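Close look at the chain arrangement
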Amino acid sequence: MRGLAGKVAVVTGAAGGIGAATARRLADEGVHVVAVDTDEERAAAVAKSLATEGHWVRADVSAEEDVARYVAAAVDRFGRIDLHHLNAGIPGSFATLPELSAAEFDRVMAVNVRGVFLGVRAAFRQYAAQGGPGSIVLTGSIGSLRGSADLLAYQTSKHAVLGLLRGAAMYGGPLGVRVNAVAPGIVPTGLFAATPEVAGGKDDMSRRAASTPLRRAGTGDDVAGVVAFLLGDDAAYMTGEVVSVDGGASIVSTVRPSGGAGAWDFAAYDRSLYGS
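Note that the coordinates shown come from a computational prediction; the quantities given were computed from them, not determined experimentally.

Turning our eyes to something else, we now look at the pairing of strand β2 (residues 32-37). With five of its six residues buried, β2 lies for the most part within the structure. The pairing of strand β1 (residues 8-12) with β2 spans five bridges and is classified as parallel. Looking across to β2, one finds that Val10 is bridged to Val34. Crossover handedness for the path β1 to helix α1 (residues 17-28) to β2: right-handed. Taken together, the five bridges between β2 and strand β3 (residues 54-58) define a ladder with parallel strand orientation. Note on β3: the bridge partner recorded for Val34 is His55. Crossover β2 to β3 through helix α2 (residues 40-48) is right-handed.

With that settled, consider the packing of helix α3 (residues 64-78) against helix α4 (residues 102-130). One can describe the packing of α3 onto α4 by two numbers: an axis separation of 10 Å at closest approach and a directional angle of 40°. Relative to α4, α3 is oriented oblique. Crossing of α3 over α4 shows right-handed handedness. Residues Glu64, Val67, Tyr70, Val71 and Val75 of α3 pack against Arg114, Leu118, Gly119, Arg121, Ala122 and Gln126 of α4.

A complete count under the given rule lists one aromatic pair for this structure. For the ring pair Phe124 and Tyr171, a centre distance of 5.4 Å and an interplane angle of 70° mean the geometry is edge-to-face. A residue pair is termed long-range when its members are at least 10 positions apart, and Phe124 in helix α4 and Tyr171 in helix α5 (residues 152-172) qualify at 47 residues. Take Tyr171: its relative accessible area is 55%, and that puts it in the exposed class.

Now for the environment of Thr239. Counting through the fold element by element, Thr239 comes out in the loop between α7 (220-231) and β7 (242-245). Considering only alpha carbons, one finds Thr239 and Lys158, 81 residues apart in sequence, at a separation of 18 Å. Look past the residues within four positions of Thr239 in its chain and what remains in contact with it is Ala169, Val177, Arg178, Val179 and Asn180. Side-chain polar atoms of Thr239 contact the backbone nitrogen of Val179, separated by 3.0 Å.

Relative to the helices and strands, Met238 resides in the loop between α7 and β7. Residue Met238 is classed as partly exposed on the basis of its relative accessible area, which comes to 23%. Along the sequence, Met238 and Val179 sit 59 residues apart, while their C-alpha atoms lie 8.2 Å from each other.

Taking 1.5 Å per residue as the helical rise, α1 with its twelve residues ought to reach 16 Å, and the 17 Å between its terminal C-alpha atoms agrees with that figure. Considered for burial, the residues of α1 that qualify are Ile18, Gly19, Ala20, Ala21, Thr22, Ala23, Leu26 and Ala27. Next to the buried residues of α1 lie β1, β2, α2, β4 (83-86), β6 (177-184) and α7.

Turning next to the pattern of salt bridges. Scanning the model with the defined rule gives nine salt bridges in all. A salt bridge links Arg25 to Glu29; the shortest N-O distance between them is 3.3 Å. Linking Arg121 and Glu64 is a salt bridge whose minimum nitrogen-to-oxygen distance equals 2.6 Å. Of this pair, Arg121 sits in helix α4 while Glu64 is found in helix α3, placing the two residues 57 residues apart along the sequence. A residue is classified by how much of its surface remains accessible, and Glu64, at 42% relative accessible area, is partly exposed.

Counting 31 residues, the largest nonpolar core has Tyr70, Ile136, Leu138 and Val179 as the members making the most contacts within it. Of all the secondary-structure elements, those providing two or more residues to this core are β1, β2, α3, α4, β5 (134-139), α5 and β6. For this core, the element with the most residues is α4, which contributes seven residues. Every residue in contact with Leu138, bar those within four places of it in the chain, is listed here: Leu86, Val116, Val120, Val161, Leu165, Val179, Asn180, Ala181 and Val182. Grouped together as the second largest cluster of nonpolar side chains are 27 residues, Ile18, Ala43, Val182 and Val187 included.

What follows deals with the sheet that holds β3. The strand order β3-β2-β1-β4-β5-β6-β7 describes an open sheet built from seven strands, whose pairing is parallel. Each of the sheet's edge strands pairs with one partner strand only, and the pair in question is β3 and β7. Across the sheet, the mean angle from the axis of one strand to that of its neighbour is 15°, orientation sign disregarded. The pairing of β1 with β4 spans three bridges and is classified as parallel. In the sheet register, Val10 faces β4, and the bridge partner there is His84. Most of the contacts of α2 go to β3, to which it runs at about 170°, and overall it touches β2 and β3. On the sheet, α7 packs against β4, β5, β6 and β7 and is oriented at approximately 165° with respect to β6.

Definitions and limits used
Residues numbered from 1 in each chain as written. Predicted model: local features only at pLDDT ≥ 70, side-chain atom pairs only at ≥ 80, totals over all residues. Heavy atoms only, no water. Buried < 20%, exposed > 50% of the residue type's maximum accessible area, 1.4 Å probe, protein only. Helix = DSSP H or I, 4+ residues; strand = E, 2+ residues; numbered from the N terminus. Pairing = 2+ DSSP bridges. Right-handed = clockwise from strand over helix to strand, strands pointing away. Axes fitted to C-alpha atoms, helices over the stretch in contact; angles between N-to-C directions. Parallel < 35°, antiparallel > 145°, perpendicular 65-115°, else oblique. Left-handed = near helix turned anticlockwise from the far one by under 90°. Contact = heavy atoms within 4.5 Å. Phe/Tyr/Trp six-rings, centres within 6.5 Å; stacked < 30°, edge-to-face > 60°. Polar contact = N/O pair within 3.5 Å; in protein donor to acceptor, adjacent residues only side chain to side chain. Expected span 1.5 Å × (residues − 1). Salt bridge = Lys/Arg side-chain N within 4 Å of Asp/Glu carboxyl O. Core = buried A, V, L, I, M, F, W, Y, C linked by side-chain atoms within 4.5 Å.

What follows is the structure, encoded as structure tokens:
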């Protein structure tokens, strides 16, 4: 892809899943990658496995001092940062709306929204210090575009990410800084690894993904290719865009037979959600 080779990128949430796949894809395109994650051991393993020189930083993206530290580490190592993939996120609780605690809601918002805000702000500050343009990609979700009765904090946070996206793209355009987002659908990663027994969690991902037009779940590599495209010069006239990477899930009309109408037992689902 044009405009990637020789650049320096920061990827948050890089220890696994979409973040690790993006780090590998960017490195394969000639990018030097700084892998950021709370799991230092896995982030280090990703950085050491890359095709280019990599680096890693243990950081909590919701903490201002940690964001400043990963930016400083990247600049100390490579002299600049050209690209940012702000990908770190957590799913939060599957608790129903009446049972969801304020503390859990705040925890999800801290990582998924505050963390993205701090990352975007740091990116713009670094671009100003460097005196040059740059590119940023945020990780949204199909939950940024659609509604569901579960994962309320996660869904709310991913809607908020699009607000950050659009404001940052408006601000960055005249400065030569492009900001775009990907909206992954069902991509089985470690994000939901701790929820094997929960409907809508890890174990039924493949079954749910079979309802998409492509009839399969996505992979980290599927998303990483789109991220690399948006970061590079092939997307030079794109900013403020949200690109769905969801097997076509977002186009489905669920009230039509081809969209699964009648294929689900909603009476049983309603009983599990609301009781008898």
